[in-house]
Each structure stands twice: as structure tokens, then as C-alpha cells.
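Listed below, chain by chain, are the residues.
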Amino acid sequence: MTGAQFDRVQLNRRDLRQPFPAGFARRIRGQTVRALTRRGKYLVAELSSGDNLVMHLGMSGWFRVESTPTVTRRRDPDVDLEHRHDHVVFTMSSGMTVTFNDPRRFGIMDLVAADRLTEHASIGKLGPEPLSRAFDAQVLASRVAKRRVSLKLALLDQQVVAGIGNIYASEALHVAKLSPFRLASTIATAAGAPRDSAKRLARAIKDVLRRAIAMAESDRYRASRFRVYEHEGERCVTPGCRGTIARAWQAGRSTFYCPVCQR
Ligand SMILES: [Zn+2]
């Protein structure tokens, strides 16, 4: 998309998780993508108009990028079924078609003026990027020092650290050998300085994310890439640990953990 212009913007419905902003297609059409970046779980396309096209995959959203678009043939029931959830179709001047498909429709597409991005209700409040230098044990500790919530929920809070979801919160806590149920504030001193646990956790978050990104580029993407996620009832992989991975519910989300080595 970078460097290409939007030749055509097709919306197949009025909303995703929220309605498309007024004039959505009109404000995008004819604009060139200056850069495609990411902040937390948001994809941001910077447009030549000064608008930012902000996109979020939600739970089930994904993009299909094709050089030859798959045209929906109305009389082909298989194609119709597969493409039923194609909600937005961008035709780029490069000849590529970028289609947003989202069966559960928790995804988001919004337009935000570049100079308003820091005031945006979600993006403006995001915490530091976990793989950046701006994120370390010190920053993590200071951000959770006053939190009276469990450590797992604090990690899911995008204002503490950006971009960590349910799976990688569980994975990082297992690597750091920290219980998902302990109070978030226990990894910081009263003054907000990092304890050893905060150092382990900050390191674990970076390790887990870097490994996931490396695996995304290999064939092992889906196969056995997690330590605890969906490994309920299996032996813990921590060396020397004889625990069994358990599953619990926290704020409506499943947490996988080892009750023996995670303290
Ligand atoms: Zn264990």
C-alpha cells in the first residue's frame, strides 16, 4: 500500500464494531499512502491528505492482499460463503486489492487527522511499545505500582504497555515465573522502583514477542509455538518443574498458567 493511491474504496456495510466515519470512502479515495505503521494493535496508514486511516483487526479480522482480485460470482455458493465477510475492499493504484474480512466484526476502521492522533480515545493513551527502548523494568514497575488489579489484567491494559493480548500475557508470565493472580503492584517497591520480578517480566515480554515474530516468518507459526496457551493438563515446560498447566478465568478471558512454578 505504501506509495500507492486508493483508486477505489468499496464498503459492503455501514459498520464494523462501530459505524464508519462520515465520508469514509470519499476521504480515502484518491489519497496516497505515505507510510504504513503500527501502534499497539492498531495499523495506521498515513494519507497524503493528512488523515490517518486507523485499522484494528478486533478478534477475527484479517487482510487479504491480492494482485488479481477474487471476484464474487453470485452463482457460486462456495465463493459467496467465503467472501460473505469481506467488508472493505481497497483497490490500489499499484494493481493490488486489499480486502478486510472479519466474520465477528469486532474490527475497527477510523479516520483521524494526523495532528489529533495523540488525542484519540484509544491510540492517544497507549503505553510504550514493548520492544522499544522506552519500555523496561523501570517503566513497567512505575506503571503498575498503584494498580490494585491482578498482574495478568495489568498486562492486558493497553495503557500499561501497548499491544499485549491474552495469549502473550499468559506466555510472558510463565517465562517470568510469576502468578497471573498476584497483585500487579507487588512487582514494584512502594516508591515504584522495579523489584527483581519486574525485571524478569519486562525481559520475558520482550523475549516472548520477539520469538513470536520470528516464528511468524517460519513454518512453525501454528504448531506448538506456545508454552502454556491451550496446553491445559500438559506437563509444564519449565526445567525442573513437575507442575501441570491449568486454566482459569480472569475478567472473562482464559488464563493458562503453571500453579507450581509461577508465584
Ligand atoms: Zn511449572
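What counts as what
- Residues numbered from 1 in each chain as written.
- Predicted model: local features only at pLDDT ≥ 70, side-chain atom pairs only at ≥ 80, totals over all residues.
- Heavy atoms only, no water.
- Helix = DSSP H or I, 4+ residues; strand = E, 2+ residues; numbered from the N terminus.
- Buried < 20%, exposed > 50% of the residue type's maximum accessible area, 1.4 Å probe, protein only.
- Contact = heavy atoms within 4.5 Å.
- Areas by Shrake-Rupley, 256 points an atom, 1.4 Å probe, with all protein chains shown as cover.
- Lys, Arg positive; Asp, Glu negative; His and termini not counted.
- Charge placed at Lys NZ, Arg CZ, Asp CG, Glu CD.
- Expected span 1.5 Å × (residues − 1).
- Core = buried A, V, L, I, M, F, W, Y, C linked by side-chain atoms within 4.5 Å.
- Axes fitted to C-alpha atoms, helices over the stretch in contact; angles between N-to-C directions.
- Parallel < 35°, antiparallel > 145°, perpendicular 65-115°, else oblique.
- Left-handed = near helix turned anticlockwise from the far one by under 90°.
- Nonpolar A, V, L, I, M, F, W, Y, C, P; charged D, E, K, R; others polar.
- Polar contact = N/O pair within 3.5 Å; in protein donor to acceptor, adjacent residues only side chain to side chain.
- Pairing = 2+ DSSP bridges.

**Quick notes on the overall build of the chain**
Thought 1: Helix and strand counts for the chain come out as six helices and ten strands.
Thought 2: In the chain, which comprises 263 residues, the share counted as buried stands at 46%.
Thought 3: Taking the intrachain contacts of the chain between residues at least 6 apart in sequence as the baseline, contacts between residues at least 24 apart amount to 62%.
Thought 4: Surface exposure of the chain reaches about 14,200 Å², of which carbon and sulfur atoms provide 49%.
Thought 5: One finds the centroid of the 44 positive side-chain charges in the chain at a distance of 8 Å from the centroid of its 25 negative side-chain charges.

**Observations concerning helix α6 (residues 196-216)**
Thought 1: Compared with an ideal rise of 1.5 Å per residue, which puts 21 residues at 30 Å, α6 spans 30 Å between its outermost C-alpha atoms and is within 8% of the ideal.
Thought 2: All of the buried residues in α6 are S197, A198, L201, A202, A204, I205, K206, V208, L209, A212 and M215.
Thought 3: The inward-facing, buried residues of α6 abut α3 (137-144), α4 (151-156) and α5 (166-175).

**Describing the nonpolar core**
Thought 1: Of all hydrophobic cores here, the largest spans 28 residues; its most connected members are L140, I187, L201 and I205.
Thought 2: Contributing elements (two or more residues each) for this core: α3, α4, α5 and α6.

**Let's talk about the packing of α3 against α6**
Thought 1: Closest axis-to-axis distance for the α3/α6 pair is 8 Å, and the angle between their directions is 115°. Here α6 runs roughly perpendicular to α3, going by the angle between their axes. Crossing of α3 over α6 shows right-handed handedness. Touching A137, L140 and A141 of α3 are A198, K199, L201 and A202, all from α6.
Thought 2: When the residues that make up the contact of α3 with α6 are grouped by side-chain class, the tally is six nonpolar, no polar and one charged.

**A short note on the side chain of S179**
Thought 1: By the secondary structure assignment, S179 is in the loop between α5 and α6.
Thought 2: Given the relative accessible area of 12%, S179 is considered buried.
Thought 3: At 3.0 Å, the side chain of S179 and the backbone nitrogen of F181 are in polar contact.

**A closer look at α5**
Thought 1: Buried residues dominate α5, accounting for seven of its ten residues.
Thought 2: Taken together, the buried positions of α5 are N166, A169, S170, E171, A172, L173 and H174.
Thought 3: Elements that come into contact with the buried residues of α5 comprise α4, α6 and β10 (253-257).
Thought 4: The first or second residue beyond α5 is K177, which carries a positive phi of 55°.

**Points about the sheet that holds strand β8 (residues 108-113)**
Thought 1: Here four strands make up an open sheet; going across it, the order is β2-β3-β4-β8 and the pairing antiparallel. Edge positions in the sheet fall to β2 (33-39) and β8, since each of these pairs with one other strand and no more. Strand-to-strand twist in this sheet, taken as the mean axis angle between neighbours without regard to direction, amounts to 20°.
Thought 2: The pairing of strand β4 (residues 51-56) with β8 spans six bridges and is classified as antiparallel. Across the sheet, residue L53 finds its bridge partner in β8, namely L111.

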